[in-house]
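So you can see what is in the structure, the chains are spelled out below.
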Amino acid sequence: MISIFNNKEEIAPHAANIFIAAAQNAIQQRGRFLVALTGGSSPVSIYKLLATPQYKTKIDWNNVFVFWGDERWVSLEDARSNAKMSYDYLLSHVEIPKSNIFPMYKEGFLPEEYALEYEKSIKGLTGENGQFDLILLGMGDDGHTASLFPGEAVLQENHKWVSAYYLESQSMYRITLTASIINKAKEIVVVTFGENKAHALNEVLYGDYNPEKFPMQLIKPLDGNLLFLTDKAAVSG
Ligand SMILES: O=C1O[C@H](COP(=O)(O)O)[C@@H](O)[C@H](O)[C@H]1O
(Lines give C-alpha, C1' and ligand atoms only; values in the text may rest on other atoms or scores of the structure.)
Protein backbone atom coordinates (compact mmCIF):
# COMPACT_ATOMS: atom_id res chain seq x y z
CA MET A 1 0.00 0.00 0.00
CA ILE A 2 1.13 3.55 -0.63
CA SER A 3 0.04 6.76 1.12
CA ILE A 4 0.91 9.95 -0.73
CA PHE A 5 1.11 13.21 1.23
CA ASN A 6 1.31 16.78 -0.03
CA ASN A 7 4.79 17.22 1.40
CA LYS A 8 7.30 15.61 3.76
CA GLU A 9 6.04 17.65 6.73
CA GLU A 10 2.72 15.80 6.55
CA ILE A 11 4.45 12.40 6.67
CA ALA A 12 6.01 12.75 10.14
CA PRO A 13 2.82 12.84 12.29
CA HIS A 14 1.34 9.98 10.30
CA ALA A 15 4.47 7.85 10.73
CA ALA A 16 4.74 8.76 14.42
CA ASN A 17 1.15 7.65 14.98
CA ILE A 18 1.83 4.33 13.22
CA PHE A 19 4.85 3.83 15.49
CA ILE A 20 2.77 4.55 18.60
CA ALA A 21 -0.09 2.27 17.55
CA ALA A 22 2.31 -0.57 16.75
CA ALA A 23 4.06 -0.12 20.11
CA GLN A 24 0.84 0.01 22.09
CA ASN A 25 -0.61 -3.08 20.33
CA ALA A 26 2.56 -5.12 20.68
CA ILE A 27 3.00 -4.25 24.35
CA GLN A 28 -0.63 -4.98 25.10
CA GLN A 29 -0.57 -8.32 23.23
CA ARG A 30 2.94 -9.63 23.84
CA GLY A 31 4.36 -7.46 26.61
CA ARG A 32 7.06 -5.92 24.42
CA PHE A 33 7.60 -3.93 21.22
CA LEU A 34 10.45 -4.98 18.95
CA VAL A 35 11.32 -2.31 16.40
CA ALA A 36 14.10 -1.75 13.86
CA LEU A 37 14.89 1.89 13.15
CA THR A 38 16.10 3.29 9.88
CA GLY A 39 18.96 5.70 9.30
CA GLY A 40 19.43 8.40 6.70
CA SER A 41 17.76 11.78 6.65
CA SER A 42 14.16 10.68 6.02
CA PRO A 43 13.24 9.63 9.60
CA VAL A 44 14.67 12.68 11.41
CA SER A 45 11.41 14.61 11.68
CA ILE A 46 9.59 11.43 12.79
CA TYR A 47 12.11 10.79 15.57
CA LYS A 48 11.95 14.44 16.65
CA LEU A 49 8.19 14.23 16.90
CA LEU A 50 8.27 10.94 18.83
CA ALA A 51 10.60 12.62 21.32
CA THR A 52 8.08 15.37 22.16
CA PRO A 53 6.02 15.03 25.38
CA GLN A 54 2.79 14.75 23.38
CA TYR A 55 4.02 11.59 21.62
CA LYS A 56 6.59 9.95 23.89
CA THR A 57 4.24 9.69 26.85
CA LYS A 58 1.97 7.37 24.85
CA ILE A 59 4.57 4.60 24.89
CA ASP A 60 5.84 2.45 27.77
CA TRP A 61 9.50 2.72 26.76
CA ASN A 62 10.54 0.10 29.37
CA ASN A 63 9.07 -2.51 27.05
CA VAL A 64 10.51 -1.17 23.79
CA PHE A 65 13.48 -3.01 22.25
CA VAL A 66 15.34 -1.06 19.59
CA PHE A 67 17.41 -2.51 16.77
CA TRP A 68 18.48 -0.97 13.46
CA GLY A 69 17.90 -1.98 9.86
CA ASP A 70 21.44 -1.09 8.91
CA GLU A 71 24.51 0.81 9.88
CA ARG A 72 27.73 2.24 8.57
CA TRP A 73 30.58 0.48 10.41
CA VAL A 74 31.69 3.62 12.22
CA SER A 75 31.86 4.44 15.92
CA LEU A 76 28.73 5.55 17.73
CA GLU A 77 30.13 9.08 18.00
CA ASP A 78 30.70 9.39 14.25
CA ALA A 79 28.39 11.84 12.47
CA ARG A 80 27.68 9.13 9.84
CA SER A 81 26.31 6.68 12.44
CA ASN A 82 22.62 5.85 12.10
CA ALA A 83 22.58 5.03 15.82
CA LYS A 84 24.02 8.45 16.72
CA MET A 85 21.32 10.16 14.69
CA SER A 86 18.62 8.07 16.40
CA TYR A 87 20.05 8.87 19.86
CA ASP A 88 20.35 12.56 19.06
CA TYR A 89 16.75 12.95 17.92
CA LEU A 90 14.89 10.24 19.84
CA LEU A 91 16.57 7.76 22.15
CA SER A 92 18.33 10.31 24.37
CA HIS A 93 14.97 11.94 25.02
CA VAL A 94 12.93 8.94 26.19
CA GLU A 95 13.05 6.76 29.32
CA ILE A 96 14.29 3.58 27.65
CA PRO A 97 16.67 1.21 29.49
CA LYS A 98 20.10 1.17 27.87
CA SER A 99 19.96 -2.64 27.85
CA ASN A 100 16.95 -2.46 25.49
CA ILE A 101 18.99 -0.72 22.78
CA PHE A 102 21.05 -2.74 20.29
CA PRO A 103 23.26 -0.49 18.15
CA MET A 104 24.62 -2.25 15.07
CA TYR A 105 28.22 -1.51 16.00
CA LYS A 106 30.57 -2.59 18.74
CA GLU A 107 34.12 -1.45 19.37
CA GLY A 108 36.65 -4.30 19.21
CA PHE A 109 34.61 -6.49 16.85
CA LEU A 110 35.11 -7.13 13.16
CA PRO A 111 31.93 -6.28 11.23
CA GLU A 112 31.37 -9.91 10.13
CA GLU A 113 31.81 -11.12 13.75
CA TYR A 114 29.39 -8.54 15.02
CA ALA A 115 26.80 -9.51 12.39
CA LEU A 116 26.71 -12.97 14.02
CA GLU A 117 26.40 -11.41 17.49
CA TYR A 118 23.62 -9.14 16.30
CA GLU A 119 21.67 -12.07 14.90
CA LYS A 120 22.05 -13.80 18.29
CA SER A 121 20.70 -10.69 20.04
CA ILE A 122 17.63 -10.71 17.79
CA LYS A 123 17.12 -14.45 18.41
CA GLY A 124 17.40 -13.78 22.14
CA LEU A 125 14.15 -11.85 21.88
CA THR A 126 12.30 -13.44 18.97
CA GLY A 127 13.51 -17.03 19.08
CA GLU A 128 13.75 -18.70 15.67
CA ASN A 129 10.77 -16.83 14.22
CA GLY A 130 12.68 -13.55 13.85
CA GLN A 131 9.58 -11.42 13.75
CA PHE A 132 9.91 -7.69 14.38
CA ASP A 133 6.70 -5.85 15.26
CA LEU A 134 7.75 -2.90 13.13
CA ILE A 135 10.61 -2.23 10.75
CA LEU A 136 11.13 1.31 9.52
CA LEU A 137 13.02 1.62 6.26
CA GLY A 138 14.17 4.40 3.97
CA MET A 139 15.15 4.20 0.32
CA GLY A 140 18.13 5.76 -1.42
CA ASP A 141 17.73 7.37 -4.84
CA ASP A 142 19.47 4.28 -6.27
CA GLY A 143 16.69 2.05 -4.90
CA HIS A 144 18.72 0.63 -2.00
CA THR A 145 17.08 0.01 1.34
CA ALA A 146 18.77 -0.73 4.66
CA SER A 147 22.31 -1.56 3.33
CA LEU A 148 20.98 -3.72 0.51
CA PHE A 149 22.77 -1.94 -2.33
CA PRO A 150 22.35 -2.61 -6.06
CA GLY A 151 24.47 -5.45 -7.41
CA GLU A 152 25.84 -6.60 -4.02
CA ALA A 153 25.99 -10.29 -3.04
CA VAL A 154 23.99 -9.55 0.12
CA LEU A 155 20.91 -9.31 -2.08
CA GLN A 156 21.05 -13.10 -2.51
CA GLU A 157 21.47 -13.84 1.20
CA ASN A 158 18.63 -16.17 2.17
CA HIS A 159 20.08 -17.76 5.28
CA LYS A 160 21.68 -15.10 7.48
CA TRP A 161 19.48 -12.49 9.15
CA VAL A 162 22.33 -10.03 9.49
CA SER A 163 25.20 -9.52 7.11
CA ALA A 164 28.28 -7.29 7.00
CA TYR A 165 30.32 -6.55 3.91
CA TYR A 166 32.72 -4.03 2.41
CA LEU A 167 30.87 -1.59 0.17
CA GLU A 168 33.50 -0.69 -2.41
CA SER A 169 31.60 2.33 -3.78
CA GLN A 170 31.60 3.98 -0.33
CA SER A 171 34.96 2.58 0.84
CA MET A 172 33.44 1.37 4.09
CA TYR A 173 31.89 -1.63 5.79
CA ARG A 174 28.14 -1.79 6.08
CA ILE A 175 26.10 -4.06 8.34
CA THR A 176 22.48 -4.78 7.52
CA LEU A 177 19.42 -6.85 8.20
CA THR A 178 18.86 -9.04 5.14
CA ALA A 179 15.65 -9.22 3.14
CA SER A 180 14.99 -12.66 4.67
CA ILE A 181 14.45 -11.26 8.17
CA ILE A 182 12.95 -7.94 7.10
CA ASN A 183 10.23 -9.85 5.26
CA LYS A 184 9.24 -11.72 8.45
CA ALA A 185 8.10 -8.46 10.13
CA LYS A 186 4.50 -7.80 11.10
CA GLU A 187 4.69 -4.29 9.72
CA ILE A 188 7.18 -2.63 7.38
CA VAL A 189 6.94 1.12 6.82
CA VAL A 190 9.08 2.73 4.13
CA VAL A 191 9.53 6.49 4.49
CA THR A 192 10.79 8.10 1.31
CA PHE A 193 10.08 11.48 -0.21
CA GLY A 194 11.39 14.18 -2.53
CA GLU A 195 11.85 14.34 -6.28
CA ASN A 196 15.28 12.68 -6.14
CA LYS A 197 13.46 9.46 -5.15
CA ALA A 198 10.92 9.63 -7.98
CA HIS A 199 12.76 7.48 -10.53
CA ALA A 200 13.61 4.66 -8.09
CA LEU A 201 10.18 4.71 -6.46
CA ASN A 202 8.46 4.45 -9.81
CA GLU A 203 10.70 1.49 -10.81
CA VAL A 204 10.22 -0.22 -7.44
CA LEU A 205 6.46 0.07 -7.52
CA TYR A 206 5.60 -0.21 -11.19
CA GLY A 207 8.73 -1.35 -13.05
CA ASP A 208 9.83 -4.85 -14.02
CA TYR A 209 11.06 -7.02 -11.17
CA ASN A 210 14.79 -6.32 -11.06
CA PRO A 211 15.96 -6.31 -7.43
CA GLU A 212 19.63 -6.43 -8.47
CA LYS A 213 19.08 -2.89 -9.72
CA PHE A 214 16.35 -1.76 -7.30
CA PRO A 215 16.86 -3.77 -4.08
CA MET A 216 13.77 -2.29 -2.45
CA GLN A 217 11.83 -4.73 -4.66
CA LEU A 218 13.09 -7.55 -2.39
CA ILE A 219 10.90 -6.23 0.40
CA LYS A 220 7.75 -8.34 0.32
CA PRO A 221 6.44 -9.31 3.76
CA LEU A 222 5.65 -13.02 4.11
CA ASP A 223 2.66 -12.44 6.31
CA GLY A 224 2.76 -8.79 7.36
CA ASN A 225 1.97 -5.39 5.90
CA LEU A 226 4.10 -3.13 3.72
CA LEU A 227 3.31 0.56 3.60
CA PHE A 228 5.10 3.30 1.66
CA LEU A 229 4.76 6.82 3.09
CA THR A 230 5.74 9.28 0.42
CA ASP A 231 4.99 12.73 -0.98
CA LYS A 232 3.73 14.11 -4.26
CA ALA A 233 7.25 15.05 -5.37
CA ALA A 234 8.40 11.42 -5.17
CA VAL A 235 5.53 10.14 -7.29
CA SER A 236 5.78 12.92 -9.86
CA GLY A 237 8.34 11.18 -12.06
O1 LIG B 1 22.52 4.70 3.45
C2 LIG B 1 21.42 4.86 3.92
O3 LIG B 1 20.48 5.50 3.17
C4 LIG B 1 19.12 5.11 3.23
C5 LIG B 1 18.31 6.26 2.64
O6 LIG B 1 18.67 7.47 3.30
P7 LIG B 1 17.88 8.84 3.11
O8 LIG B 1 18.86 9.90 3.61
O9 LIG B 1 17.58 9.00 1.68
O10 LIG B 1 16.68 8.79 3.99
C11 LIG B 1 18.72 4.78 4.66
O12 LIG B 1 17.43 4.21 4.66
C13 LIG B 1 19.72 3.81 5.29
O14 LIG B 1 19.36 3.49 6.62
C15 LIG B 1 21.07 4.47 5.30
O16 LIG B 1 22.05 3.65 5.89
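As shown above, the structure is provided for reference.
Residues numbered from 1 in each chain as written. Predicted model: local features only at pLDDT ≥ 70, side-chain atom pairs only at ≥ 80, totals over all residues. Heavy atoms only, no water.

## What to know about the pairing of strand S1 (residues 2-5)
Thinking step 1. Going residue by residue along S1, you find Ser3 and Phe5 tucked away on one face and Ile2 and Ile4 left uncovered on the opposite face.
Thinking step 2. In terms of strand pairing, S1 meets strand S9 (residues 225-231) through 4 bridges, oriented parallel. Across the sheet, residue isoleucine 4 finds its bridge partner in S9, namely threonine 230. (Buried < 20%, exposed > 50% of the residue type's maximum accessible area, 1.4 Å probe, protein only. Helix = DSSP H or I, 4+ residues; strand = E, 2+ residues; numbered from the N terminus. Pairing = 2+ DSSP bridges.)

## Things to note about the pattern of salt bridges
Thinking step 1. This structure, assessed with the given rule, holds 8 salt bridges.
Thinking step 2. Here aspartate 78 ties to arginine 80 by a salt bridge, and the two come within 2.9 Å at their closest N and O atoms.
Thinking step 3. With a closest N to O distance of 3.4 Å, lysine 123 and glutamate 119 form a salt bridge. Of the two residues, lysine 123 and glutamate 119 both sit in helix H5 (residues 111-126), 4 residues apart, roughly one turn of that helix.
Thinking step 4. Taking the relative accessible area as the measure of exposure, lysine 123 reaches 29% and is therefore partly exposed.
Thinking step 5. By relative accessible area, which is 13% here, glutamate 119 ends up buried.
Thinking step 6. Each of Arg30, Arg32 and Asp133 takes part in one network of salt bridges that share partners. (Salt bridge = Lys/Arg side-chain N within 4 Å of Asp/Glu carboxyl O.)

## Some points on the site of the ligand
Thinking step 1. Residues in contact with the ligand amount to 15 residues; listed here are only the nearest, Ser41, Ser42, Asp70, Arg174 and Lys197.
Thinking step 2. Contact distances for the ligand include 2.6 Å between an oxygen atom and a side-chain N or O atom of aspartate 70.
Thinking step 3. The contact in question runs from an oxygen atom of the ligand to an N or O atom on the backbone of glycine 138, over 3.4 Å.
Thinking step 4. In isolation the ligand offers 400 Å² of accessible surface; the protein chains occlude 89% of this area.
Thinking step 5. When grouped by side-chain class, the residues that make up the shell around the ligand number 2 nonpolar, 9 polar and 4 charged. (Near = heavy atom within 4 Å. Polar contact = N/O pair within 3.5 Å; in protein donor to acceptor, adjacent residues only side chain to side chain. Areas by Shrake-Rupley, 256 points an atom, 1.4 Å probe, with all protein chains shown as cover. Nonpolar A, V, L, I, M, F, W, Y, C, P; charged D, E, K, R; others polar.)

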